[in-house]
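Architecture and fold: a report
The primary structure of each chain is shown beneath.
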Amino acid sequence: MKIAINNGLIINHDKTLKANVLIEDEKIISVSNENFDADIQIDAKDKYVLPGLIDMHVHFRDPGYEYKDDIISGSHAAVAGGVTTCLPMANTNPVNDNASITKEMIRKAKECGLIDLLPIGAITKSLNGNELVEMGDMLEAGAVAFSDDGLPVSSSSVMRAALEYSKMFGSFCISHSEDCSLCRQGVMHEGKVSAILGLKGMAREKEEISVSRDMLLAKLTGGHVHIAHVSSAYSLKIIQMAKQDGIKITCEATPHHFTFTDDEILQNKYDTNFKMSPPLREISDVKAIREGLKNGTIDVIATDHAPHHDDEKCVEFDKAPFGIIGLQTLIPLTLRLVDEGVISLEQMVALTSKNPAKILNLKDKGEIKEGMLADIAIIDPNLEYIYDKKLNRSKSVNSPLIGKKLKGAAIKTIKSGRIVFDFFKEC
């Protein structure tokens, strides 16, 4: 089977060109101005042709919480958002802390056949923060990194050991950066808005303290630590300093943390779809995140796609769980940064595809060029639509953007040379 993508604007991390792409079986076999003979011809005029997006931080709730989402529904949401590779976190039930669960997650994704699923294994057994998992066995089973995301590893000694062992296996640890002793049962960012609303706040220092500790442990061990969902301006200063000193540290930011501030909770009358962890912060933090994306301090944009059932979110703000879905809003929110001149299209590709592929050592992903895996997102940057429950592919609808008008979407997603999503056929 051959597929030709014609007249599109090819966006890679280092250059943009107008060209045609020929796909045969699973691979890209040519990128040129040649008119290709193919079984399927796709006209991508006025469209962007990007390497398939790689989301390094999702929660598919499978196994154990499949009523929120599962690997199948998560895969459908991913390809509808132009995402062809997902890394689900380990806070499932049972926890993904052993090779058998890792293998079963991968098997289910392969059976579905829409995305590559690369599981993140737990750092500690049952996320208890005490006993390390068998990292070697889990990596052999298909895990790619380790994280107790949702819970921080409180013990510095345990986190040191995790970085030492993951380094030995050529892997890395992802830090959920939170000093729980400072949380004080907080439910949003501690500041002016929390005081007005009468909600318990969480100081941004709870993140910054943990980022500092894990940066220093990476310095001590020579291991690689990846900081998940950075939300604080000062966290970025710490990370930038560490990078300048040659410490092996990378980080990610989410679309909601570069789009919204804590003021949304005030304006939207305690809407629990603006409740996430880390919480939405002040405009100064949002500006810092945007600058970090622009100057390269932030390596990756990841969604932290976190589905929750309506019944769980439709409660008082302080009782609702943290988290929102984000796979299908990744493209429109990131394109806003491009439209506003914060990042270029090439930087968008670096942040959503090339850099994740580099961090994960995925040598056949992250670029559109000959010999690479044919994972491709064809994006219409001018498509305007209402993101409603009909378009949503997750089982859950906990997004502040449901019912809102968005601009820019994946109109076709190709995975390993197969069209796995077509906006106009499925929506």
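Residues numbered from 1 in each chain as written. Predicted model: local features only at pLDDT ≥ 70, side-chain atom pairs only at ≥ 80, totals over all residues. Heavy atoms only, no water.

To keep it simple, the criterion reads: UniProt positions are given in the numbering used here, feature names are shortened, and annotations may be inferred rather than shown by experiment.
An unreviewed UniProt entry annotates the chain as Dihydroorotase of Campylobacter pinnipediorum subsp. caledonicus. Of the chain, the UniProt comment under Function (unreviewed entry) reads exactly: "Catalyzes the reversible cyclization of carbamoyl aspartate to dihydroorotate." Under the UniProt heading Pathway (unreviewed entry), the entry covering the chain gives this text: "Pyrimidine metabolism; UMP biosynthesis via de novo pathway; (S)-dihydroorotate from bicarbonate: step 3/3."

**Quick look at the UniProt feature "binding site: substrate" (unreviewed entry) in the chain**
Selection rule: The definitions used throughout rest on a 1 Å grid laid over the protein atoms alone, on which a cavity is an enclosed set of points accommodating a 1.4 Å probe that cannot get out and a pocket is an open set flanked by protein within 12 Å on both sides along at least five of seven lines; lining residues are those having an atom within 4 Å of a point. Every helix listed is a DSSP run of H or I at least four residues long, and every strand listed is a run of E at least two residues long, numbered separately from the N terminus. Partly exposed residues are those whose accessible area sits between 20% and 50% of the maximum for their type, while under 20% is buried and over 50% is exposed, using a 1.4 Å probe and protein chains only. When checking whether two residues touch, look at their non-hydrogen atoms; a contact exists if any pair is within 4.5 Å. Polar contacts here mean pairs of N or O atoms no more than 3.5 Å apart (in protein, one a potential hydrogen donor and the other a potential acceptor; neighbouring residues in sequence count only if both atoms are side-chain atoms).
Within this numbering scheme, the UniProt entry marks His-59, Phe-60, Arg-61, Asn-91, His-308, Phe-322 and Gly-323 as carrying the feature "binding site: substrate" (unreviewed entry). As for the annotated residues, the ones lining the largest pocket are His-59, Arg-61, Asn-91, His-308, Phe-322 and Gly-323. Considering the arrangement of structural elements, one finds His-59 in the loop between strand E6 (53–58) and helix H1 (71–80). Residue class for His-59 comes out buried when judged on its relative accessible area of 4%. Aside from chain neighbours lying at most four places away, what touches His-59 is Met-89, Asn-91, Asp-149, Asp-304, His-305, Ala-306 and Pro-307. Separated by 3.1 Å, the side chains of His-59 and Asp-304 make a polar contact.

**Here we look at a nonpolar patch on the surface**
Note the threshold: The residues that make up patches have over 30% relative accessible area and no salt bridge, and they are joined within 9 Å when like-charged or within 5 Å when they are Val, Leu, Ile, Met, Phe, Trp or Tyr. We get accessible surface area from the Shrake-Rupley algorithm with a probe of 1.4 Å; when it comes to residues, only the shown protein chains can shield them. Should a side-chain nitrogen of Lys or Arg be within 4 Å of a carboxyl oxygen of Asp or Glu, the pair is scored as a salt bridge.
Side chains of Tyr-165, Met-168 and Phe-169 sit close together on the surface and give an oily, nonpolar patch of about 340 Å² of accessible area. Following the sequence through the fold, Met-168 ends up in helix H4 (residues 156–168).

**A word on the layout of surface pockets**
Note the cut-off: Grid points are joined across faces, edges and corners, and a volume is the space filled by probe spheres set on the points. Residue classes follow a fixed rule: Ala, Val, Leu, Ile, Met, Phe, Trp, Tyr, Cys and Pro count as nonpolar, while Asp, Glu, Lys and Arg count as charged, and any other residue, Gly among them, counts as polar.
Its boundaries defined by the atoms lining it, the largest pocket holds a volume of some 520 Å³. As for the largest pocket, its lining consists of 26 residues, and the residues nearest its centre are Arg-61, Asn-91, Gly-150, His-308 and Phe-322. Grouping the constituent residues of the lining of the largest pocket by class yields nine nonpolar, twelve polar and five charged. Reported here for the second largest pocket is a volume of approximately 290 Å³. For the lining of the second largest pocket, the secondary-structure elements that each account for two or more residues are helix H10 (283–295) and helix H13 (345–359). The greatest single-element share of the lining of the second largest pocket, amounting to six residues, is contributed by H13. Among the residues making up the lining of the second largest pocket, the classes are represented as five nonpolar, five polar and four charged.

**A word on the domain arrangement of the chain**
Here is the rule: Source of the domain bounds: an automatic or database domain assignment. Using a 1.4 Å probe, buried area is obtained as the accessible area two parts lose upon being combined, added over both of them.
You can read the domains of the chain as domain 1 (2–48 + 372–425) and domain 2 (52–360). The C-alpha centroid of domain 2 is placed 25 Å from the C-alpha centroid of domain 1. Contacts between domain 1 and domain 2 engage 37 residues on the former and 45 residues on the latter. Roughly 3100 Å² of surface becomes buried between domain 1 and domain 2 when both sides are summed, with 62% attributable to carbon and sulfur atoms. There are two salt bridges connecting domain 1 and domain 2. For Lys-395, the salt bridge identified is with Asp-70, shortest N-O distance 2.9 Å. Taken together, domain 1 and domain 2 are joined by 17 residue pairs in polar contact (both at pLDDT 80 or more). At the level of secondary structure, the elements contributing two or more residues to the side of domain 1 that touches domain 2 comprise strand E17 (376–387), strand E18 (404–415) and strand E19 (418–422). Among the elements that take part in the side of domain 1 that touches domain 2, E18 stands out by supplying eight residues, more than any other. Of the residues belonging to the side of domain 1 that touches domain 2, the class tally is 19 nonpolar, ten polar and eight charged.

**Notes on unusual backbone geometry**
What you tend to see is this: most non-glycine residues have negative phi, and most peptide bonds are trans. Following Asp-62, the chain continues to Pro-63 via a peptide bond in cis, the omega torsion being 15 degrees. Note on placement: Pro-63 falls in the loop between E6 and H1. Of the consecutive residues Ser-277 and Pro-278, the connecting peptide bond is found in the cis state with omega at 0 degrees. For Pro-278, the position within the fold is in the loop between helix H9 (263–267) and H10.

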